[in-house]
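If you want the building blocks of each chain, they are given just below.
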Amino acid sequence: MQRLIEAYRSGEVPAAVILDDPVTVSAYAAYRMPATVAALRSALGELYDAVPDLAVTRLVDLGGGTGAAGWAVASLDGGLAQVDVLEQSAAARAAGAQLARRSGIPALVESRWHAWTLGTSQVPAEVGDADLAVVSYVVGELSEALRREAVEAAASLASTVLVIEPGTPAGHRRVLTARDQLLALGLRVAAPCPHESRCPLADGDWCHFPARVERSALHRTVKGGELSYEDEKFSYVVATRLPGQPGSGRVLRHPLLRKGLVGLRLCLPDGTAAERMVSKRQGADYKQARKTSWGDAVR
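Thresholds, definitions, all that
- Residues numbered from 1 in each chain as written.
- Predicted model: local features only at pLDDT ≥ 70, side-chain atom pairs only at ≥ 80, totals over all residues.
- Heavy atoms only, no water.
- Helix = DSSP H or I, 4+ residues; strand = E, 2+ residues; numbered from the N terminus.
- Buried < 20%, exposed > 50% of the residue type's maximum accessible area, 1.4 Å probe, protein only.
- Contact = heavy atoms within 4.5 Å.
- Areas by Shrake-Rupley, 256 points an atom, 1.4 Å probe, with all protein chains shown as cover.
- Phe/Tyr/Trp six-rings, centres within 6.5 Å; stacked < 30°, edge-to-face > 60°.
- Core = buried A, V, L, I, M, F, W, Y, C linked by side-chain atoms within 4.5 Å.
- Pairing = 2+ DSSP bridges.

Can you help me understand the overall build of the chain in this one?
Of regular secondary structure, the chain possesses 10 helices and 13 strands. Counting across all 299 residues of the chain, residues that qualify as buried make up 51%. Summarising the internal contacts of the chain: among those between residues at least 6 apart in sequence, 69% fall at separations of at least 24. A total of about 13600 Å² of accessible surface is found on the chain, and carbon and sulfur atoms cover 51% of it.

What follows is the structure, given as structure tokens:
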């Protein structure tokens, strides 16, 4: 199972090879789903800050596997009423639907699970328009043509789109490609970028963020770990047709804390990346900088 999970995260094999039987799907859900939900929750938190008018009552999860996006949205938005999961693996759909029915959350209990394979089948007509479409840990498993099809399908279904990938250089590049496509389709970038220019990071650097995952006893067992937590690294982009309030920057790394000084690595609205040093002499700005974390928007 460890070999398959690593292959899944690196994009070396298609999802159909991994999520092809109930035992493998169950192992995947125990091993990977908590981290996927945590990464989605973190990205969604930034989305809600950047797009105050967003209310997710209808969610579409494209290539949704066992349905992590629904769990993440339901934990943050009590108005969620409809969840449609589009997934090619029958085993994943069955396991995800069973988990959802046991959740006690009405939107998940009543979620709809659709057989859908990129390149060979249309999005079911009953899915309809949504407030948010999620493409989560999917595009790395696809050819370039199918990646574009997945992003275009998401943009056609919802006013806001979230694409999230592993926080690796390759994942970052795939997110940038999706970002360019969403901009070309007429959406604007809401997060994490405070601009719509070319990414300013130099070759060898990549934009990614951490999400803290609290491990259950089962999760520790399947991971073979002793710590009660882990950090999931992820790259993402959110694009929307809704109005928003861009920040004045995004913190790209852990802040550097020294006596009387905070160093922040920022992506800025002018399309550049720069270091900002905030000293204790700056009073309120210093106090705010001390509270700032990696991935935060700064205004």
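Is there a simple way to think about unusual backbone geometry in this case?
Most peptide bonds are trans, and most residues other than glycine sit at a negative phi. Residue P192 is bonded to the preceding A191 through a cis peptide linkage, with omega at -5°. Topologically, P192 is positioned in the loop between β6 (188-191) and β7 (209-214). Phi is positive for Y137, close to 50°, though the residue is something other than glycine. Within the secondary structure, Y137 sits in the loop between β4 (130-136) and α7 (144-157).

What should I look at first to understand the packing of aromatic side chains in this one?
Any two aromatic rings considered together are summarised by their centre-to-centre distance and by the angle between their planes. Evaluated as defined, the whole model comprises 3 aromatic pairs. Plain terms: the ring middles of F209 and F234 are 6.3 Å apart, the flat faces sit at 50° to each other, and that makes the pair tilted. Placement of the pair is F209 in strand β7 and F234 in strand β8 (residues 229-240), with a sequence separation of 25 residues. Comparing F209 with F234 shows no difference in burial state: the two are buried. Through a chain of ring-to-ring contacts, three or more aromatic side chains come together here, namely F209, F234 and Y236.

Can you walk me through the nonpolar core in this structure?
As a rule of thumb, soluble globular proteins bury nonpolar side chains together. The biggest cluster of nonpolar side chains holds 47 residues, and the ones touching the most others in it are L59, L132, L162, F234 and Y236. The biggest single contributor to this core is helix α3 (residues 22-50), with 12 residues. When residues no more than four places from it in sequence are discounted, the contact partners of Y236 are A43, E46, L162, V163, I164, V175, A191, P192, F209 and R250. L86, A130, A150 and L157 belong to the second largest nonpolar core, which has 29 residues in total.

What is the right way to look at the pairing of strand β11 (residues 261-267) in this model?
Here is the key point about a regular strand: its side chains alternate between the two faces of the sheet. Of all 7 residues in β11, 5 are buried; the element is thus mostly enclosed. Inspection of the sheet shows strand β9 (residues 249-251) paired to β11 by 2 bridges, in the antiparallel sense. Each bridged residue has a counterpart across the sheet, and for R250 the counterpart in β11 is C267. With 3 bridges joining them, strand β10 (residues 256-258) and β11 adopt antiparallel strand pairing. Within β11, the residue paired with R258 across the bridge is L261. Counted along the chain from β10 to the antiparallel partner β11, the turn is 2 residues long, and its residue G260 has a positive phi close to 75°. Bridging between β11 and strand β12 (residues 273-279) involves 7 bridges; their strand directions are antiparallel. Looking at β12, one finds that R265 is bridged to E275. Between β11 and β12, which pair antiparallel one after the other, the connecting turn spans 5 residues, and G271 there sits at a positive phi close to 85°.

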